[in-house]
Amino acid sequence: MTRQRDNRVMLITYADSLGADLKELKTALDTWYDKAVGGVHILPFFPSGADRGFSPKTYESVDPVFGSFADVEAIGKDRWLMFDFMVNHISAQSAYYQDFLTRKDESDWKDFFIRYSKFWPGGAPTPEQVEAIYKRKPRAPYIEARFADGTEDKVWCTFSEDQIDLDVSSPAVRAFIDRTLDGMADHGASVIRLDAFAYAVKKPGGSCFFEAPEIWELLEGIESRMAARGVEILPEIHEHYTIPLSLARRGYWIYDFALPVLTLHALYTGNGTWLANWLKMSPKHQYTTLDTHDGLGIVDVRDLLPQEETDRVLDLLYEKGANLNRKYSSEEYGNLDIYQVNTTYYSALGNDDARYLMARAIQFFAPGIPQVYYVGLLAGENDLELLEKTRNGRDINRHGYSLKEIEENQKRPVVQNLKALMELRNTHPAFDLEGDLDVTAADGHLCMIRRAGQEALMLDCDLDGGSFVIEDLKRGERLWPLK
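Residues numbered from 1 in each chain as written. Predicted model: local features only at pLDDT ≥ 70, side-chain atom pairs only at ≥ 80, totals over all residues. Heavy atoms only, no water.

Undergrad: Go over the environment of Arg326 with me, naming the residues and quoting the values.
TA: Within the fold, Arg326 resides in the loop between α11 (307–320) and β13 (340–341). Taking the relative accessible area as the measure of exposure, Arg326 reaches 47% and is therefore partly exposed. C-alpha separation for the pair Arg326 and Asp30, spaced 296 residues apart in sequence, amounts to 38 Å. Residue contacts for Arg326: discarding those within four places in its chain leaves Leu314, Asp315 and Tyr318. (Helix = DSSP H or I, 4+ residues; strand = E, 2+ residues; numbered from the N terminus. Buried < 20%, exposed > 50% of the residue type's maximum accessible area, 1.4 Å probe, protein only. Contact = heavy atoms within 4.5 Å.)

Undergrad: Would you mind going over the state of the cysteines in detail, with residue names and values included?
TA: Inspection of every chain in the model, using the stated rule, returns 0 disulfides. The cysteine Cys447 is free of any disulfide, with Cys461 supplying the nearest cysteine sulfur at 8.5 Å. According to the relative accessible area criterion, Cys447 is buried, its value standing at 18%. (Disulfide = S-S within 2.5 Å.)

Undergrad: Which residues make up helix α2 (residues 69–76), and what are the values?
TA: With respect to burial, α2 is a largely interior element, 6 of its 8 residues being buried. Within the span of α2, buried status applies to Phe69, Asp71, Val72, Ala74, Ile75 and Gly76. Looking at the packing, one finds that the buried side of α2 touches α1 (22–32), β2 (39–42) and β3 (80–85).

Undergrad: Give a description of helix α10 (residues 273–281) that names residues and reports values.
TA: Those residues of α10 lying buried are Leu275, Ala276, Trp278 and Leu279. One side of α10 holds all its buried residues, which, seen down the axis, span an arc of 160°. As for α10, its buried residues are in contact with α8 (242–249), β10 (254–256), α9 (259–269), α13 (353–365), β15 (436–442) and β16 (445–452). (Arc of directions from axis to C-beta.)

Undergrad: Pulling in residues and values, what's your account of unusual backbone geometry?
TA: Following Ala212, the chain continues to Pro213 via a peptide bond in cis, the omega torsion being 5°. With an omega dihedral of 5°, the bond running from Trp480 to Pro481 counts as a cis peptide bond. Mapped onto the elements of the fold, Pro481 is located in the segment after β19 (477–480). Despite not being glycine, Arg52 shows a phi value in the positive range, around 50°. Structurally, Arg52 is set in the loop between β2 and α2. With a phi angle near 75°, Asp303 is a residue other than glycine that sits in the positive phi range. Within the element layout of this structure, Asp303 appears in the loop between β12 (296–297) and α11. Given the relative accessible area of 57%, Asp303 is considered exposed.

Undergrad: If you had to explain the sheet that holds β19 to someone new, which residues and values would you point to?
TA: Taken in spatial order, the 5 strands of this open sheet run β15-β16-β17-β18-β19, and their pairing is antiparallel. Each end of this open sheet is capped by a strand with a single partner; those strands are β15 and β19. In this sheet, adjacent strand axes meet at a mean angle of 20° when their direction is disregarded. Examined bridge by bridge, β15 and β16 share 7 bridges and lie antiparallel to one another. (Pairing = 2+ DSSP bridges. Axes fitted to C-alpha atoms, helices over the stretch in contact; angles between N-to-C directions.)

Undergrad: So what about the packing of α1 against α2? Which residues, and what values?
TA: Where α1 meets α2, the axes come as close as 9 Å, and the angle between the chain directions of the two elements is 15°. Classified by the interaxial angle, the pair formed by α1 and α2 is roughly parallel. The two elements α1 and α2 cross, and the hand of that crossing is left-handed. Taking contact as the criterion, the partners of Leu22, Lys23, Leu25, Lys26 and Leu29 in α1 are, on α2, Asp71, Val72, Ala74 and Ile75. Taken together, the residues of the contact of α1 with α2 break down into 6 nonpolar, no polar and 3 charged. (Parallel < 35°, antiparallel > 145°, perpendicular 65-115°, else oblique. Left-handed = near helix turned anticlockwise from the far one by under 90°. Nonpolar A, V, L, I, M, F, W, Y, C, P; charged D, E, K, R; others polar.)

Undergrad: Please give an account of the packing of aromatic side chains that cites residues and values.
TA: One pass over the structure, following the stated rule, counts 39 aromatic pairs. Ring geometry for Tyr59 against Phe176: centres 6.2 Å apart, planes inclined by 55°, an arrangement best described as tilted. Placement of Tyr59 in the loop between β2 and α2 and of Phe176 in helix α6 (residues 171–186) is noted, with a sequence separation of 117 residues between them. The buried category is assigned to Phe176, whose relative accessible area is 3%. Of note, Arg52 hangs over the ring of Tyr14, and the distance from its end group to the ring centre comes to 3.8 Å. Seen from the ring of Tyr142, Arg139 lies directly overhead, with NZ or CZ sitting 4.2 Å from the centre. (Phe/Tyr/Trp six-rings, centres within 6.5 Å; stacked < 30°, edge-to-face > 60°. Lys NZ or Arg CZ within 6 Å of the ring centre and 35° of its normal.)

Undergrad: Lay out the nonpolar core with the relevant residues and their values.
TA: The biggest cluster of nonpolar side chains holds 145 residues, and the ones touching the most others in it are Phe45, Phe85, Tyr97, Phe113, Ile177 and Phe468. Looking at which element gives the most residues to this core, the answer is α13, with 8 residues. Met10, Trp80, Met82 and Tyr255 belong to the second-largest nonpolar core, a separate cluster that totals 11 residues. (Core = buried A, V, L, I, M, F, W, Y, C linked by side-chain atoms within 4.5 Å.)

Undergrad: Break down the packing of α6 against helix α7 (residues 214–227) for me, citing the residues and quoting the values.
TA: For the pair α6 and α7, interaxial distance at closest approach is 11 Å and the crossing angle is 35°. When you trace α6 past α7, the crossing you get is right-handed. Where α6 abuts α7, its residues Arg174, Ile177, Asp178, Leu181 and Asp182 lie against Leu218, Ile222, Arg225 and Met226. The residue makeup of the contact of α6 with α7, split by class, is 5 nonpolar, no polar and 4 charged.

Undergrad: Please set out the sheet that holds strand β14 (residues 369–373) residue by residue, giving values where relevant.
TA: If you walk across this open sheet you meet the 8 strands as β9-β8-β3-β2-β1-β14-β11-β10, and the pairing is parallel. The open sheet terminates on both sides in strands that have one partner only, identified here as β9 (232–235) and β10. Averaged over all pairs of adjacent strands, the angle between strand axes in this sheet comes to 25°, irrespective of strand direction. In this structure, strand β1 (residues 10–13) lies alongside β14, joined through 3 bridges in parallel fashion. Within β14, the position partnered with Ile12 by the bridge is Tyr373. Here α6 sits on the sheet and contacts β3 and β8 (189–194); the angle it forms with β3, its principal contact strand, is near 160°.

As far as function goes, none of this settles anything; it's purely spatial.
Structure (structure tokens):
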């Protein structure tokens, strides 16, 4: 039974990060966050070959380390759920790819994958065609497939060698997409996030990134099928802000990945002008983030901040951030994306409670539905021990909390205050999703007013001083700081 998506704050978490598994995740939510968390984006919980779940072997079961579909559905009884579908790829360890390697042209899944010998005119790309591809690697995106009969062929592979791209133009893959999405709806997904969606369509000679019109046709087909099940879709795209806005203009929900860096800029410099400009442009039907399982996206603010201001905020990030080092976002620590910075948001703000809470207040007043990453939920600092253990830069923001640690963190004022802000965001009528936002920035202050009918709630941020107030304008009552 799918719960209707609502307007409350959504948590982003792995299945084993707030507690050891899905059962303990439910315990943590029920015990400490019953009123603060309305939705849960459970990051991929299927059996996976790599990338912490983002290289699924199958969608037909839950990784038994985490629990079962019954455990997922139990969380969904009280909260609406978001699942991930990796529309672009599947694990090299999946039965589909392994059967393809074994049986090659006799495999039932031979049309699942993109063989260079069949995709490119002439059997291989020209240097010009390779140059045109929007790549995540310094060469053409492929892996050498070695078949059981001794032959080899290059197969399209955008990300890691375990993440083999699917041929979304193939009827077999389209049928697989339909089956998978229907299964997610059956298990209680209210929203399905389409991970790496923009990479899904490939065309010889093109960028192979957000290729129109085919990408729109794919999206429309998925949206239509899921709408019939009462499920929304959320395409995930990290790129120039005009691309997600083009989705919003067509009525799709999008991510606001520009907000994290723009908010840091405002808090670092005391100048909220560029943040205010973006907030005025932002659509209502979006999910806002300050932190996710990935790093802070820099490409997402291109042309929203002047280049010199982007360079400035990056310099200030390492100057003001706590336990931050440029090498943590480098190839030395396995970083695949040079346009992301690996840190927790709390540490990016120097582990400063007041400024961290101000950043969350700005997020909660922004248009859309706020998402809070589980490390951010507990105002977590950079985990250098885990980072050095795994040598994976993103693990700096992926500390796993036991139930005991979660309980201990509830004693911290910053965690208590964040929970209170979340509960205010969930309950005050001024935050109606279809309401309006007035925003101004001047003299080191950012002022945001949320309006819905006769309701009006004002957030006034002293960006220089690091404090903020929230006032209920209809009732003439100050709601923050807490009394």
